[in-house]
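Results of the structural survey
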Amino acid sequence: MTKSLTTSLRAVIVFTLLLGLAYPLAITGIAQVAFPGRADGSPIEQGGRVVGSTLLAHAYRLPVLGADGKPRKAADGTPITKPNPRYFQPRPSATGYAPEATFFANRGPNSAAARAFYAQQVKAYLALERPYDPGLKAAAIPPDAVTTSGSGVDPQISPANAAIQAHRVAAVRRLPLATVRRLIANATQGRSLGLLGQPGVNVTELDLALDREAR
Amino acid sequence: MGWLQIVLFCAVFTAIVPLLGGYMARVFSGERVLLTPVLGPLERGIYRVLRVDRERSMSWKAYAGTLIVFSGLFWLALYLILRTQTLHPWNLDGFHSGTWDVTFNTVSSFITNTNWQFYGGETTLSFFSQMAGLAVQNFVSAAVGIVVAITLIRAIANRRQGTAGLGNFWVDVTRTLLYVLLPIAVVGALVLVSQGVIQSLGRASFGPLGPVASQEIIKELGTNGGGFFNVNAADPFENPNGLTNFIEMLAMIAIPASLTFTYGRMVGSRRQGWTIFGAMFALFAISTVVVYVAELHGTPAQHAAGIHGANMEGKELRFGTSGTALWTAVTTVTSTGAVNAAFESLTALGGMIPMVDLAYGESVFGGVGSGLYTMLLYALLAVFIGGLMVGRTPEFLGKKIEAREIKLVVLGLLATPLTVLLATALATATKYDAPSVFASGPQGFSETLYAYLSQANNNGSAFAGFTGYVQPTPGNLGAHGIAFADLLGGLSMLFARFAPIVITLGIAGALVTKRVAPAGLGTMRTDTPTFGVLLIGTVVLIGALTFFPAILLGPVVQGLTTHLF
């Protein structure tokens, strides 16, 4: 018993040093040298400045102004915003697109609160897109556009979702629809190895490409 | 395309089984392997520091005692680390320590290979806690599970009279860590970084970074499942694309599946191993198909709001429905519990499958090691039932299965289900469960049932509305745990992990000395499809009889109605 206690004590120390420090620090060292960008969150640089990560959604929003011309705030003090129509909008997020404190929305399959949330999302999506895409019906909205992503920072939207939003972005920016579609095609990420996963449009990259196009 | 990915995954992991399984058989037989020239000196160095005599074989009692003392000391060490966060290096945001109750839960969770998470990693833990605390357990608790399976194999395979030793615990653990887990983790971590999984001790302008890849790979490979981030492998920094999703799924299933081959090789008949693999594979395939088909449809709440198409709530676009469904099945049949989508938001039928997988009790691939030893216990039970049917003394690979073994087998197989049902009953029958429950209606019951199913089966996935820790702002300051959920969960994990381990070692101790009778005409063969079917029947029957009433009250009720709660 005493023997296994002292051996265990040594083992706790040895294995913690080997697996808890040597291993992760060595991996960090190698990764930082071999894959500097990837290891640091795939940052996007523009003009020598980091403007975001290709793996994180970025939502372009505008403040909602009250009657007094000042930005309105919710009861808890957070500013109320609306989508900026000049940009493609990422999927709904439970966390306000914050990468530093993630959590699931946990909307159950038979939840009445979930239905109310979806109904409101559908309404908002139609209000934003229908003026530019008159034929758009609720039934044609791709599910990814009105359901919360898992991470809250899903950087992708479905190609069908992007195709609908393209009408609005092209009209607001006064760009030919064909140009916007070309940018969507450039920002579409296929399946890994042509086989694994599902194709999606990277909204973060797409929105940055739009801004470059306008210049 | 979705089905093709699933078929490809099955083909690839089946192809890995003989390679990795054969390699592990050589490692645990003490043979020279490819890595011996590289790792041999390190291995001998560790024995010298630990001062162990590698030739000394331990009796089952010595083996079990050492395992308990070793795990107990690591429990204390991890508790100490998590409660002293203010002193840590690599504590970038100056996080305080979590409360005592949530720490009790977390420590028990990682020591038992469960990785149930009431805490959110990125808002409560320093990088030091993640690396030197949790990730160490991802290795060590996995090794503990594997060595128990190996001792049971040795006991079944032993043909020498008078041997009572099962092997040396220290040698087995060291060789598991050095020759199996560490090399795959090193290569896997770097592959993941090359795809965009982060590995850094600093921060970026857009958010926190962390030593994620080194932890991600071992969390899958050791069937642990504890995410660096609160949303686990749904986070793009843990799982950035379809390829990483595929690799991480492979890592989860590789060792549990390959151990069936290790077993076949070590007992001298590969067909024995493939029979067990086949039974596991059949149950896994059914789960995968059901959850995939279920998730291609929306939920009643989505239909009521006029949304058509697949259920995308709580899912990430890049994996697709098939990548999410396959992951859901893989992570719950293996006892990993890492998730790449919100289980709470699965359809009723899709969400029932993880519960059914847990109800199999870690026998369908299961945790590393724990899956195989649980399935071997089921195999002993199946042989016993088959023996009763034909009126012969049951034998397993020539070893007579007698009253003592069967009593132990039944105890070992019932310890976990009993824990689940008693804990769920205790929670739902008292007022102490209510603060943890998020959803209303049957979903609320599902959350509680799932919590104890998952913790007692050392899985760790969750219907994540269920909570045991309330934190107003990141950094643990002003947070409080829900002591009832934290303690009941923690105790469930500890009991349902270590009771079956000690019982399994006891069975190994009883089997190792048994004389081997030559197989005769009347011997029931355990390497045939017939036995595979009997084995499946035993697993399903016990799971169904134990859990059917409970599962009826949650997902089945919801699946049969479009009513919203």
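Residues numbered from 1 in each chain as written. Chains lettered and ligands numbered in written order. Predicted model: local features only at pLDDT ≥ 70, side-chain atom pairs only at ≥ 80, totals over all residues.

Concerning the overall build of chain B
The secondary structure content of chain B amounts to 18 helices and six strands. Here the C-alpha radius of gyration of chain B, 23 Å, is about what a compact globule of 565 residues would show, namely 24 Å. Along the three orthogonal principal directions, the C-alpha set of chain B runs to about 65 × 55 × 50 Å. Within chain B, buried positions represent 65% of all 565 residues. Taking as baseline every contact in chain B between residues at least 6 positions apart, the subset at least 24 positions apart corresponds to 79%. (Helix = DSSP H or I, 4+ residues; strand = E, 2+ residues; numbered from the N terminus. Rg over C-alpha atoms; globule rule 2.2 N^0.38 Å. Buried ≥ 20, exposed ≤ 12 C-beta atoms within 10 Å, placed from the backbone. Contact = placed C-beta atoms within 7 Å.)

Here we look at the overall build of chain A
Per the secondary structure count, chain A includes six helices and seven strands. Counting from the amino terminus, chain A carries its helices and strands in the arrangement α-α-β-β-β-β-α-β-α-α-β-β-α. Here the C-alpha atoms of chain A give a radius of gyration of 23 Å, more than 25% beyond the 17 Å that 2.2 N^0.38 yields for 215 residues. In terms of overall dimensions, chain A has a C-alpha envelope of 80 × 40 × 40 Å along the principal axes. Out of the 215 residues in chain A, the part that is buried amounts to 42%.

Points about the packing of helix H10 (residues 270–295) of chain B against helix H13 (residues 348–359) of chain B
Residues and elements named next belong to chain B. Packing of H10 against H13 leaves a shortest axis separation of 8 Å and a crossing angle of 160 degrees. Taken together, the axes of H10 and H13 lie roughly antiparallel to each other. For the element pair H10 and H13, the recorded crossing hand is left-handed. Packed against H10, whose contacting residues are Ser287, Val290, Val291, Ala294 and Glu295, the element H13 presents Leu349, Gly350, Ile353, Val356 and Asp357 at the interface. Grouping the amino acids of the contact of H10 with H13 by side-chain chemistry returns six nonpolar, two polar and two charged. (Axes fitted to C-alpha atoms, helices over the stretch in contact; angles between N-to-C directions. Parallel < 35°, antiparallel > 145°, perpendicular 65-115°, else oblique. Left-handed = near helix turned anticlockwise from the far one by under 90°. Nonpolar A, V, L, I, M, F, W, Y, C, P; charged D, E, K, R; others polar.)

Focus on the environment of Leu175 of chain A
Residue and element names in this part refer to chain A. Counting through the fold element by element, Leu175 comes out in the loop between helix H4 (159–173) and helix H5 (177–187). For Leu175, a count of 16 C-beta atoms within 10 Å puts it in the partly exposed group. The spatial distance from the C-alpha of Leu175 to the C-alpha of Thr2 is 78 Å, given a sequence separation of 173 residues. Beyond its immediate chain neighbours, meaning those up to four positions away, Leu175 contacts Ala170, Val180 and Glu213.

Quick notes on the confidence of the model for chain B
Summarising the model, chain B shows a mean pLDDT of 95, and 100% of its residues fall at 70 or more. We note a pTM of 0.96 for the whole complex and an ipTM of 0.96 for its interfaces. (pLDDT = per-residue confidence, 0-100.)

Thoughts on the packing of helix H3 (residues 60–82) of chain B against helix H6 (residues 127–157) of chain B
All names here are of chain B. Closest axis-to-axis distance for the H3/H6 pair is 10 Å, and the angle between their directions is 165 degrees. Classed by the angle they form, the pair H3 and H6 counts as roughly antiparallel. Between H3 and H6 lies a crossing whose hand is left-handed. Across the interface between the two elements, Tyr63, Leu67, Ser71, Phe74, Leu78, Ile81 and Leu82 of H3 pack against Ser129, Ala132, Gly133, Gln137, Val140, Val144 and Thr151 of H6. Along the lines of polarity and charge, the residues of the contact of H3 with H6 split into nine nonpolar, five polar and no charged.

Concerning the nonpolar core
Residues and elements named next belong to chain B. Core analysis: the largest hydrophobic core is formed by 236 residues, its most contacted members being Ala143, Leu152, Leu181, Ala213, Met280, Ala379 and Leu380. No other element matches H6, which puts 22 residues into this core. Not counting residues within four places of it along the chain, the set of residues in contact with Ala379 comprises Ile276, Phe396, Thr526 and Leu535. (Core = buried A, V, L, I, M, F, W, Y, C linked by C-beta atoms within 7 Å.)

Regarding the sheet that holds strand S7 (residues 200–202) of chain A
All names here are of chain A. Sheet architecture is open: three strands sit in the order S5-S7-S6, paired in antiparallel fashion. Either end of the sheet is taken by a strand with one partner, and the two such strands are strand S5 (156–157) and strand S6 (188–189). Pairing analysis gives two bridges linking S5 to S7, with the strands arranged antiparallel. Bridge pairing in S7 places Ile157 opposite Val201. (Pairing = 2+ DSSP bridges.)

Points about the domain arrangement of chain A
Each assigned domain of chain A is listed here: domain 1 (2–39) and domain 2 (52–214). Spacing between the C-alpha centres of domain 1 of chain A and domain 2 of chain A amounts to 41 Å. (Domains from an automatic or database assignment.)

Focus: the environment of Val144 of chain B
Residue and element names in this part refer to chain B. Considering the arrangement of structural elements, one finds Val144 in helix H6. Note: C-alpha distance between Val144 and Ile111 (33 residues apart in sequence) is 9.5 Å. The contacts of Val144, once residues within four sequence positions are left out, are Leu67 and Ser71.

Details of helix H7 (residues 169–194) of chain B
Residues and elements named next belong to chain B. End to end, H7 covers 36 Å across 26 residues, agreeing with the expected 38 Å (1.5 Å per residue, within 8%). Along its length, H7 reaches its greatest deviation from straightness, about 40 degrees, at Leu181, and the proline Pro183 lies no more than four positions downstream. The buried count for H7 comes to 20 of 26 residues, which makes it a mostly enclosed element. Following H7 by one or two positions, Gly196 has its phi on the positive side, about 120 degrees. (Expected span 1.5 Å × (residues − 1). Bend = angle between axes of the 7 residues up to and from the residue.)

A closer look at the pairing of strand S2 (residues 49–53) of chain A
Residues and elements named next belong to chain A. Pairing geometry for strand S1 (residues 43–46) and S2, over four bridges, is antiparallel. Each residue of the ladder has a partner; that of Ile44, found in S2, is Gly52. What sits between the antiparallel neighbours S1 and S2 is a turn of two residues, in which Gly47 has the positive phi angle 60 degrees.

Details of H13 of chain B
Residues and elements named next belong to chain B. Between its first and last C-alpha, H13 extends 16 Å over twelve residues, near the 16 Å set by a 1.5 Å rise per residue. For H13, the tally of buried residues reaches eleven of twelve residues, placing the bulk of the element in the interior. Of all the positions in H13, only Ala348, Gly350, Gly351, Met352, Ile353, Pro354, Met355, Val356, Asp357, Leu358 and Ala359 are classed as buried. A positive backbone phi angle near 70 degrees is found at Gly361, which sits one or two residues after H13.

Quick notes on the environment of Leu418 of chain B
By the element assignment, Leu418 of chain B lies in helix H15 (residues 403–429). Separated by 366 residues in the primary sequence, Leu418 of chain B and Val52 of chain B have C-alpha atoms spaced 38 Å apart.

Focus on unusual backbone geometry
Residues and elements named next belong to chain B. You will see that Arg51, though not glycine, has its phi angle at about 55 degrees, which is positive. Mapped onto the secondary structure, Arg51 falls in the loop between helix H2 (36–50) and H3. Positive phi is not limited to glycine here, since Asn458 has a value of about 55 degrees. Assignment of secondary structure puts Asn458 in the loop between helix H16 (442–456) and strand S5 (469–470). Take Asn458: there are 32 C-beta atoms within 10 Å of it, and that puts it in the buried class.

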